[in-house]
Amino acid sequence: MNLDFEKNMPEIEAKIAELTKQKTTDPNAKVEDQLTDLQKQLESLKKEVYSSLTPWQTVQVARHPNRPLLRDYIAGICGEFIELHGDRYFGDDQGIIGGFATIEDRHVMIIGHQKGKTLEENVKTNFGMATPDGYRKALRLMKLAEKFKIPIVSFIDTPGAYPGADAEARGQAEAIARNLTEMSQIEVPIIVIVTGEGGSGGALGIGVGDVILMLSNSVYSVISPEGCASILWRDGSKAPEAAEALKVTADSLSKLGIIDEIIPEPLGGAHRDYEGTLRVVKQALLKHLNILRRVSERKLVERRFEKYCRIGRFKRR
Amino acid sequence: MNLDFEKNMPEIEAKIAELTKQKTTDPNAKVEDQLTDLQKQLESLKKEVYSSLTPWQTVQVARHPNRPLLRDYIAGICGEFIELHGDRYFGDDQGIIGGFATIEDRHVMIIGHQKGKTLEENVKTNFGMATPDGYRKALRLMKLAEKFKIPIVSFIDTPGAYPGADAEARGQAEAIARNLTEMSQIEVPIIVIVTGEGGSGGALGIGVGDVILMLSNSVYSVISPEGCASILWRDGSKAPEAAEALKVTADSLSKLGIIDEIIPEPLGGAHRDYEGTLRVVKQALLKHLNILRRVSERKLVERRFEKYCRIGRFKRR
Amino acid sequence: MGWFRKKEKPPEVVVAKEDLWTICPSCKAHVYKDEWDKNFCVCPQCNFHDKITFQERLDILIDPGTFREINEEVTTADPLEFKDDKGSYAEKAESTKAKTNMKEAVVTGRGKIHGIRVVISVMDFRFLGGSLASGTGEKILLASEYALRHAYPYIVVSASGGARMHEGIISLMQMAKTCAGIARLKKGGIPYISILTDPTTGGVSASFATMGDINIAEPKALIGFAGRRVIEETIKQKLPDDFQTAEYVLEHGFIDQIVNRKEMKNFLYKVLRYWKAK
Amino acid sequence: MGWFRKKEKPPEVVVAKEDLWTICPSCKAHVYKDEWDKNFCVCPQCNFHDKITFQERLDILIDPGTFREINEEVTTADPLEFKDDKGSYAEKAESTKAKTNMKEAVVTGRGKIHGIRVVISVMDFRFLGGSLASGTGEKILLASEYALRHAYPYIVVSASGGARMHEGIISLMQMAKTCAGIARLKKGGIPYISILTDPTTGGVSASFATMGDINIAEPKALIGFAGRRVIEETIKQKLPDDFQTAEYVLEHGFIDQIVNRKEMKNFLYKVLRYWKAK
Ligand SMILES: [Zn+2]
Ligand SMILES: [Zn+2]
């Protein structure tokens, strides 16, 4: 998928790839100068485009189909991943997955939304839109982490909770509410990281934690810009204005004090540089795992409660 | 339904009813002597039949369609009943019902199997065979009772857990196991009373308690006599032998130390005398509620554990 | 409670014809406004329970003269400086406040139900659709903390379309904030009763409203997470009429009982007596 | 573990033809008995995991030389003096004991898994269908209590058709008894891992076997509550082939993972390392 605001970036990248390949097959090919030139062009273009993304453009990047997904992060960050299945009530939603994992020498429980890259994967995962079964599986695994006394890392990347008739019938609202309620009292550290789309209640349903991180091009919103535009402006095409007004970017949310840290993606976005992205995510997780391991169980829950108590801007008069 | 071993009891009862009616419409009718005679006959027949029921006959009585059902007990025993619905996961099974109730001045949580008297009721309640939703509803209500610090009274009357494909899919086994596990730790008194059929795991699924009562003509078994006969004798018609061998009557179970008390039904069985049956059940419940209210929460759980620890007959050699 | 809605209606000599009738939003029956109001805004034809104001709700549920509001001074800020085509959130909030004489979409306080002390929060749909935002969340949390401190049962009457978009992510976070309060009630053994009225959807259904030890709904109330239109677009099918009604949600296991408005106070009283009953 | 099943087979000169082959109960493939046994009784064609003895299971899972049996002297009584057409329970139990060299349908003890101390109970289907009765329940409970006292993880490998009819209601009550032990592990923060093998049904599936913090199944194991025939009679329909298989139960949310027999020990080791990991 090409994003129009990326201008001729894809073409330059294609050309670079071609020349690099040419160099490999024919070591005598005189392409060095051209390559250097193209790489400079690309760097300056990345800088130009990515240092001034509009909120709506950031939404596009956050949704980019080539962006790393949870299983990419797990493969790149975790030495080991033992997937655990099932909610013990109804099913094994693929829109939220989870299991035991190691990050360097740390043992954690990873949970998170899983989108797909192919149509087949997206059918299986509901495009990362979880059902009540997914939220209940996540809660079960968090309780398991609590029993095993290991920290929880929650990866958020969803357009929202699945708006299906069966999901309503099985209590989508209750499942999310239950998680919000229980997560506030879980007696192990919870690190939340928004890696792509933080879509409303479907994101928050596994998003209550001690520290909330966001990748620099991820977004987090109470409603999709399109949804907001069609309700407030009665015009879905006003999504860019809505994205602006809703303050959905990591930058805005950091300024509002909603999130604790922004993890800077490599220039050009996570979809251009998996390795660089995985590296910074891993560093950030290890940093916060080490900070939180020093906090007692009681303090953890107390502080988490206070953290959420503080969220809100109102007047008294 | 006529039970053949009741002989001409139904005819005598019909005749008595007819004469009584005749007396009401015509006060001068000379039926006194005949009535007295018939009543004597009935009494001695009841005594003859009901003082020496075989186990298989007891099974028939325990399953009698006119036997009082949970809603009859509630209507007759409870000053108030506030039915509470739903398992908070999937549905509101009608095979197990429950809610807040008063018995005299005592506030309790009642749960129990509900069979039907009409075909329509039986379709709705699955003939008292509960689904996983029913067991999960029961557990939810027991947890509510624990939070509210009121005792639980559990009425057992089921052929067994519902053996349906959907029940298996939603985890019939897990739902029953969960209840057994959680009930052993519930910190309020649990009084269990078997009023009709105590059918295997489907009965035990709401049957873990501090005191286990049985009506004198009720039965409680690891498997239905028919099922046992067809497995061990390869012949379902050997059910009477199986009923004998399995020791399913209140008397046998009392001797084995599995149940704590037999509540004697009025002569002729509960299906003949609702009022008398309700009275003895109410008395028994009040008695045990009063005994158990004096036990601390910790002691209660400790003793319940010890109670189940003791169940079993084995050798060490 | 025959005086219901009376006090708000000064006697008039000339009444426009359309003012005489209320049209039931559910069955479209024409009902005399007087009858409608005397009937607690419940349709005598189809038993649809229409929206009522927080004051009416309190009049129905709380013993006369016992209600004491808490945190009444909490009111909206405009953290995002939100504007849409029709104006700014700040302006909209101000005009709503003037119109409703409320400062936020929920009123909280303590009071008595047939003598039993409770803490109660009542949402009012007139205030920006009963939406959940900073002020709403703060008041609901503070009320639950008040209940916890005093060991009074906590009751919330929900009526809300969901989170208030105009405060963006901050509104979303109120779901977590209010639920954190509910979790502390659960841990502290304090009863929490949720009453779901028409409508209870989106971020409110997905937070405190479905977390009651006992969840009670009014008849025919719309209760659900996602909007009907969104779901129909997702599944490419028309949904049945009863979808997301209180009755539907009861059948699916998420509601303890559907209770008529007139019987609600007695129902609450009866249920609350079970807490730590002897 | 190449010596698997070897020691039980004294060398023979003349072998009857039918003894050379094992027919897979699942796919009916003919497999050399030697190959079958070396492959841990797993069908090389369809990966069906056949029943194995408690000793084989312990050999697979527990570090050599580390297993210490506990409560090995617990054995059957005959509380109901149960008789059927083919004889008495007492006789049947005695002949089973002689044949299997076991005293009950489960063997319990402590041991190590790659150095990690655990308590383990292994059911053996050869002993009256791995049925749950007084002795079985007692041993499983005592093992869980042992695990609780020493703070060792508890592992149960189930293989059972359900409760043992011959001890009537006393067998049924073992479901409650064993679950009471599991509840104490949960409360005490001790990991409990359940391994469900072919078959795990009836009273065993409806008690400790489904209560694991982590439930693991072997491929294609039959796992369910009611029997297939009973269900087909109830719903008047043929059930699909995969009904009540491990794979089906996983899909319905009750199993954490399906693990091959050969990988089971490593899987347990890996999982157990997460408990209180630094
Ligand atoms: Zn109407
Ligand atoms: Zn095979």
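From a predicted model like this one, the values you see are computed outputs, not experimental measurements. (Residues numbered from 1 in each chain as written. Chains lettered and ligands numbered in written order. Predicted model: local features only at pLDDT ≥ 70, side-chain atom pairs only at ≥ 80, totals over all residues. Heavy atoms only, no water.)

Peer 1: Whenever I open this one, the overall build of chain C confuses me. Can you help?
Peer 2: In terms of regular secondary structure, chain C is built from 9 helices and 13 strands. For chain C, whose C-alpha radius of gyration is 19 Å, the value lies close to the compact-globule estimate of 19 Å for 278 residues. C-alpha extents for chain C along the principal axes are approximately 55 × 50 × 40 Å. Counting the 278 residues in chain C, one finds 62% classified as buried. (Helix = DSSP H or I, 4+ residues; strand = E, 2+ residues; numbered from the N terminus. Rg over C-alpha atoms; globule rule 2.2 N^0.38 Å. Buried < 20%, exposed > 50% of the residue type's maximum accessible area, 1.4 Å probe, protein only.)

Peer 1: What is the right way to read the coordination of the zinc ion (ligand 1) from this model?
Peer 2: Four donors placed tetrahedrally about a metal ideally form angles of 109.5 degrees, and six donors placed octahedrally ideally form angles of 90 or 180 degrees. Residues and elements named next belong to chain C. Looking at the zinc ion (ligand 1), one finds its protein donor set to be Cys 24 (SG), Cys 27 (SG), Cys 43 (SG) and Cys 46 (SG), positioned 2.2 to 2.3 Å from the metal centre. Every donor counted, the 4 donor atoms about the zinc ion (ligand 1) form angles of 106 to 113° at the centre, which fits tetrahedral coordination. Under the relative-accessibility criterion, Cys 24 is labelled buried at 0%. The partly exposed category is assigned to Cys 27, whose relative accessible area is 35%. (Donors = N, O, S within 2.8 Å, 3.2 Å for Na, K, Ca; no water. Tetrahedral: all angles 85-135°; square planar, octahedral: opposite > 155°, others 65-115°.)

Peer 1: What is the right way to look at the domain arrangement of chain A in this model?
Peer 2: Residue and element names in this part refer to chain A. Domain boundaries assigned for chain A yield domain 1 (10-52) and domain 2 (58-310). If you average the C-alpha positions of domain 1 and of domain 2, the two centres end up 35 Å apart. Of the residues lining the interface, 5 residues belong to domain 1; the matching set on domain 2 comes to 7 residues. Roughly 540 Å² is buried in total at the junction of domain 1 and domain 2, and carbon and sulfur atoms are behind 60% of that figure. Contact with domain 2 buries surface across domain 1, with Glu 13, Lys 46 and Tyr 50 losing the most and accounting together for 84% of the total. Counting the contacts that link domain 1 with domain 2 gives 1 salt bridge. The interface formed by domain 1 and domain 2 contains 2 residue pairs in polar contact (both at pLDDT 80 or more). Ranked by residue count, the leading element in the side of domain 1 that touches domain 2 is helix H2 (residues 32-50), at 4 residues. Across the side of domain 1 that touches domain 2, the residue classes tally to 1 nonpolar, no polar and 4 charged. (Domains from an automatic or database assignment. Contact = heavy atoms within 4.5 Å. Buried area = accessible area lost by both parts, 1.4 Å probe. Salt bridge = Lys/Arg side-chain N within 4 Å of Asp/Glu carboxyl O. Polar contact = N/O pair within 3.5 Å; in protein donor to acceptor, adjacent residues only side chain to side chain. Nonpolar A, V, L, I, M, F, W, Y, C, P; charged D, E, K, R; others polar.)

Peer 1: Would you mind showing me how to read the pairing of strand E7 (residues 106-113) of chain C here?
Peer 2: Within a regular strand, side chains alternate between the sheet's two faces. All names here are of chain C. Most of E7 is tucked away: 6 of the 8 residues are buried. Across 2 bridges, the pairing between strand E3 (residues 68-69) and E7 is antiparallel. Looking at E7, one finds that Arg 68 is bridged to Arg 110. Sheet topology note: the E7/strand E8 (residues 116-123) ladder contains 8 bridges and is antiparallel. Bridged to Val 106 within E8 is Met 123. (Pairing = 2+ DSSP bridges.)

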